[in-house]
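Close look at the chain arrangement
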Amino acid sequence: MKKFYITTPIYYVNDKPHIGHTYTTVAADVLARWHRTLGEDIFFLTGTDEHGAKIESKAKEMGLEPKRYADEVAAVFKEAWKELNISNDNFLRTTDEAHMKAVQTALQYMYNKGDIYLSKYDGLYCRGCEQYKSERDLVDGLCPDHKIAPEKMSEECYTFKLSKYQDELLEKIKKDELKILPPNRKNEIVSFYEKEGLEDVSFSRKNINWGIPIPWDKSHTVYVWADAFLNYLTGLGWSGEAGKSPKFWPASAQLMSKDILRVHATIWPAMLLSLDLPLPEKIFIHGYFQINGQKMSKSLGNVIAPADLVKKYGVDATRYLIMSATAFGHDGDISWEKFDDKYNADLANGLGNLAARVSNLLETNKIKLNLRIGSDKKLNEECAASMQAFKFDESLKILWDKLRAGDAVLSDKKPWKLKDEAAIKNILEPIAGDILNAANLLKPFMPTVSEKVIKQFSAKQIKKGEPLFPRI
RNA sequence: CGCGGGGUAGAGCAGUUGGCAGCUCGCCAGGCCCAUAACCUGGAGGUCGCCGGUUCAAAUCCGGCCCCCGCAACCA
């Protein structure tokens, strides 16, 4: 059986889930569900990233132990995905014992191999924060929190020989052995490799306690990225053993937003090479949402939480609205107003209203049908092609064109004016069939409503029932 | 000269093998009245950022310029 393994990034627990996390996760779920309908053996992983200085200080701020704090936020993520009907097969937390142990095993192997070596890390250290700062964190050369200039400090750290894998990775990326999509993202990465190239990267921290101890030197903890990446393997039950692929590895598709593309196209595959494991087949980068033309940010107070959307539109509509908001892979602009418009136009007036008018005509005329799911081969193929190419918006457009055509035929033929049952049936049967077929193809996007429509339109005597999407 | 994306009708967007400029929403006028005041048809509305080039033909290819946005590895 064909295998399909899809991942989202694991989300950092310094923040609660917002529409950005939701976008990646719903998209992954849509793909996972679609591949399940193809009968593939699929595994869908998501989770949370819980170590690092930021979490340590955030927990401290709230007067909690880091683990306790992480437990709380991880629970919020789990709850959000449950609410959105996300069908993940596992939820990996980097504080899971098995994960931490596997990370240690893996790093020990890389160390023994000589891919990790002791070195010095030079950086700007703020005594107030007790943390290193990057140039970008500083305002006028000062720490924004403490208003003091950070000092140049240097400390020993274990460093990963990332540079060693430069040529091999560039080659594999160019040849699409590690396929980066959309193509412009591949170009971006190739040009990064060619123009800037890979430098070795620090893989341990000495002054951060909230992390996985480096097995051969317990005075260090594992740098969070090194810890986090391995989730894609440990989430499958991998024990950390080099060269030993767990059942579903390599990943068929890894979804993420553009902010973390570079590390996923450099450090992550380099670690895999170091561990003698195959690279993921594809990584797909989607865009960012802007809200009313502005970047989403806490300070602007325009952050949209998934629970807010679900409360207003319901689960299935929320999934639809997020996925249809923009071409997948591009940035998009969203707003409550646009969501309202789209909900009414596509769901209430579109799918919902068409289903209501057709089912009502069938019921009042007592017309019996015996419809079969998936009877429209052409529609199936067109949608499949779009889904394979990660063009979710295109797939939805194909379905809606079909539904619109149904409305037009009804207006044209006016079956409600006819008396002859056979004539009415001739008009309604194909449209009802289209609705059924469309519902079937909509399953990955709107699992619950689709099932409802399928049940409704598979009945011999189709009945009107309640509105699918009440107008807002 | 760090890298990348974008600038197409009032709004939001699609549109790379170059071939009369499209979609959704909104607006106007008709129609319909089965349906969730929903649906259908028609219409108005665009110098496809600016300048130049290639071509029989450019939103689409090439060069230059202006503007907006994202990223820039220890920020997870």
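The structure under discussion appears in the preceding block.
These remarks concern the structure in this document. All values derive from a computational prediction rather than experimental measurement.

Concerning the overall build of chain A
Counting its secondary structure elements, chain A contains 17 helices and 16 strands. In terms of overall dimensions, chain A has a C-alpha envelope of 90 × 45 × 40 Å along the principal axes. In chain A, buried positions account for 54% of the 472 residues. Within chain A, counting contacts between residues at least 6 apart in sequence, those at least 24 apart form 76% of the total. Of the roughly 21300 Å² of accessible surface on chain A, 49% is carried by carbon and sulfur atoms.

Details of the sheet that holds strand 10 (residues 213–214)
Strand order in the open sheet formed by three strands is 9-11-10, and the pairing between neighbours is antiparallel. Two strands bound the open sheet, and with one partner strand each, they are strand 9 (204–205) and strand 10. Here two bridges tie strand 9 to strand 11 (residues 217–222), and the two strands are oriented antiparallel to one another. Residue Arg-205 lies in a different strand from strand 11, and its bridge partner there is Thr-221.

With respect to the packing of aromatic side chains
Taken as a whole and assessed by the stated rule, the structure comprises 27 aromatic pairs. Pairing Trp-225 with Phe-229 gives two aromatic rings, centres 4.9 Å apart and planes at 25°, and the pair type is stacked. Here the residue Trp-225 and the residue Phe-229 both occupy positions in helix 7 (residues 224–229), the gap between them amounting to four residues, near one helical turn. Judged by its relative accessible area of 25%, Trp-225 falls in the partly exposed class. Assessed through its relative accessible area of 1%, Phe-229 is described here as buried. Ring geometry for Phe-284 against Phe-390: centres 4.5 Å apart, planes inclined by 25°, an arrangement best described as stacked.

Some remarks on the sheet that holds strand 16 (residues 332–334)
With mixed pairing, three strands are arranged side by side in an open sheet as 15-14-16. Two strands lie at the open edges of the sheet, namely strand 15 (294–295) and strand 16, each paired on one side alone. Where strand 14 (residues 289–291) and strand 16 come together, three bridges link them in parallel fashion. Paired with Ile-291 across the two strands is Ile-334, which belongs to strand 16.

Points about the pattern of salt bridges
Applying the stated criterion across every chain yields a total of 26 salt bridges. When the shortest N-O distance is used, the salt bridge between Arg-93 and Asp-71 registers 2.6 Å. Of this pair, Arg-93 sits in strand 3 (residues 90–93) while Asp-71 is found in helix 3 (residues 66–83), placing the two residues 22 residues apart along the sequence. We classify Asp-71 as partly exposed; its relative accessible area is 28%. In this structure, Lys-258 engages Asp-331 in a salt bridge whose closest nitrogen and oxygen atoms are separated by 2.8 Å. You can see Lys-258 sitting in the loop between strand 12 (253–257) and helix 9 (261–264) and its partner Asp-331 sitting in the loop between helix 12 (315–324) and strand 16, a full 73 residues away along the chain. Here Lys-258 falls in the partly exposed class, since its relative accessible area comes to 25%. On the basis of relative accessible area, Asp-331 is assigned to the partly exposed category, the value being 42%.

Some thoughts on the environment of Leu-399
Note that Leu-399 resides in helix 15 (residues 392–413). What makes Leu-399 buried here is its relative accessible area of 0%. Residue contacts for Leu-399: discarding those within four places in its chain leaves Leu-379, Cys-383, Ala-438, Leu-441 and Leu-442.

As for the environment of Leu-233
Position of Leu-233 among the secondary structure elements: in helix 8 (residues 231–234). Residue classification places Leu-233 among the buried residues on the basis of a relative accessible area of 0%. For the pair Leu-233 and Lys-282, spaced 49 residues apart in sequence, the C-alpha to C-alpha distance is 15 Å. Each residue touching Leu-233, except ones within four places of it in the same chain, is listed here: Trp-238, Pro-246, Trp-249, Trp-268, Leu-272 and Leu-277.

Structural notes on the nonpolar core
As a rule of thumb, nonpolar side chains are buried together in soluble globular proteins. In this structure, Leu-255, Met-323, Trp-400, Met-446 and Phe-469 are the most contacted members of the largest nonpolar core, which totals 89 residues. Leaving out residues up to four positions away in the same chain, Met-323 has contacts with Tyr-23, Val-26, Ala-27, Val-30, Phe-328, Phe-392, Leu-396 and Phe-445. Counting 57 residues, the second largest nonpolar core, distinct from the first, contains Val-201, Phe-203, Ile-212 and Val-263.

Quick word on the packing of helix 16 (residues 421–442) against helix 17 (residues 447–458)
Put simply, helix 16 and helix 17 touch, their axes get as near as 8 Å, and they point 150° apart. As summarised for this structure, helix 16 and helix 17 are arranged roughly antiparallel, according to the angle between their axes. With respect to the hand of their crossing, helix 16 and helix 17 are arranged in left-handed fashion. Contact with helix 16, carried on its side by Ala-432, Ile-435, Leu-436, Ala-439, Asn-440 and Leu-442, involves Ser-450, Val-453, Ile-454, Phe-457 and Ser-458 of helix 17 and no other residues of that element.

A few points about the side chain of Asp-217
With respect to the helices and strands, the residue Asp-217 is situated in strand 11. It turns out Asp-217 is buried and unbridged, and the closest side chain with the opposite charge, Lys-206, is 6.1 Å from it.

Describing helix 6 (residues 183–195)
Between its terminal C-alpha atoms helix 6 stretches 18 Å, which fits the 18 Å expected from 13 residues at 1.5 Å a residue. For helix 6, the full list of buried residues reads Arg-185, Lys-186, Ile-189, Val-190, Phe-192 and Tyr-193. Down the axis of helix 6, the buried side of the element spans an arc of 155°, and every buried residue falls inside it. Exposed side of helix 6, more than 90 degrees from the buried face: Pro-183 and Lys-195 are the residues found there. Those residues of helix 6 that are buried are in contact with helix 5 (166–174), strand 7 (179–181), helix 9 and strand 13 (282–286).

Reading guide: rules and limits
- Residues numbered from 1 in each chain as written.
- Chains lettered and ligands numbered in written order.
- Predicted model: local features only at pLDDT ≥ 70, side-chain atom pairs only at ≥ 80, totals over all residues.
- Heavy atoms only, no water.
- Helix = DSSP H or I, 4+ residues; strand = E, 2+ residues; numbered from the N terminus.
- Buried < 20%, exposed > 50% of the residue type's maximum accessible area, 1.4 Å probe, protein only.
- Contact = heavy atoms within 4.5 Å.
- Areas by Shrake-Rupley, 256 points an atom, 1.4 Å probe, with all protein chains shown as cover.
- Pairing = 2+ DSSP bridges.
- Phe/Tyr/Trp six-rings, centres within 6.5 Å; stacked < 30°, edge-to-face > 60°.
- Salt bridge = Lys/Arg side-chain N within 4 Å of Asp/Glu carboxyl O.
- Core = buried A, V, L, I, M, F, W, Y, C linked by side-chain atoms within 4.5 Å.
- Axes fitted to C-alpha atoms, helices over the stretch in contact; angles between N-to-C directions.
- Parallel < 35°, antiparallel > 145°, perpendicular 65-115°, else oblique.
- Left-handed = near helix turned anticlockwise from the far one by under 90°.
- Lys, Arg positive; Asp, Glu negative; His and termini not counted.
- Expected span 1.5 Å × (residues − 1).
- Arc of directions from axis to C-beta.

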